[in-house]
Amino acid sequence: MIRLNCFFKSGDSDDYKKALRAAVMLTDCSRKHEGNVSYDTFQSATHAAVFMICETWADNEALDKHSATPEFAKYVAIIKECGELKIERFEF
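Along each chain, numbering runs from 1 in the same order as the chain's sequence is written. Totals for whole chains, interfaces and linings use all residues, but because this is a predicted model, local features are given only for residues with pLDDT of at least 70 and pairs of side-chain atoms are given and counted only at 80 or more. As a convention, hydrogens and water are excluded, and side-chain values are obtained from all of the structure's heavy atoms.

This next bit is on the pattern of salt bridges. Salt bridge, as used here: a side-chain nitrogen of Lys or Arg that lies within 4 Å of a carboxyl oxygen of Asp or Glu. Overall, the coordinates contain four salt bridges when judged by the stated rule. Among the salt bridges present, the one from Glu 81 reaches Lys 18, with a minimum N-O distance of 2.8 Å. You can see Glu 81 sitting in helix α3 (residues 70–82) and its partner Lys 18 sitting in helix α1 (residues 13–30), a full 63 residues away along the chain. Here Arg 31 and Asp 40 are joined by a salt bridge, their closest N and O atoms 3.3 Å apart. Accessible area is worked out with a 1.4 Å probe on protein chains only. A residue is then buried under 20% of its type maximum, exposed over 50%, and partly exposed in between. Classification of Asp 40 as partly exposed rests on a relative accessible area of 29%. For the purposes of this entry, the term helix denotes a DSSP run of H or I that reaches at least four residues, the term strand denotes a run of E that reaches at least two, and both are numbered from the N terminus.

Listed below in structure tokens is the structure:
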């Protein structure tokens, strides 16, 4: 299995709101993708402009298919234009 923790941070309140909306839309779409084990978005309780997308995939093939979808390209582009995105990857 593959776990991705995607951390987002923005200094602008309008940008973080736009990015968070995109993350929630991406979460809704991604949960339906084949090979998805878990997918959720969490917002910091102490810093409103910080959130994390936590996703788990069955294998590399499922993650690659997910990453090739139009909705992935659309929503990730919005998130990246709104702030800083850092990704941690774990395989187990």
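Next comes the rest of the account.
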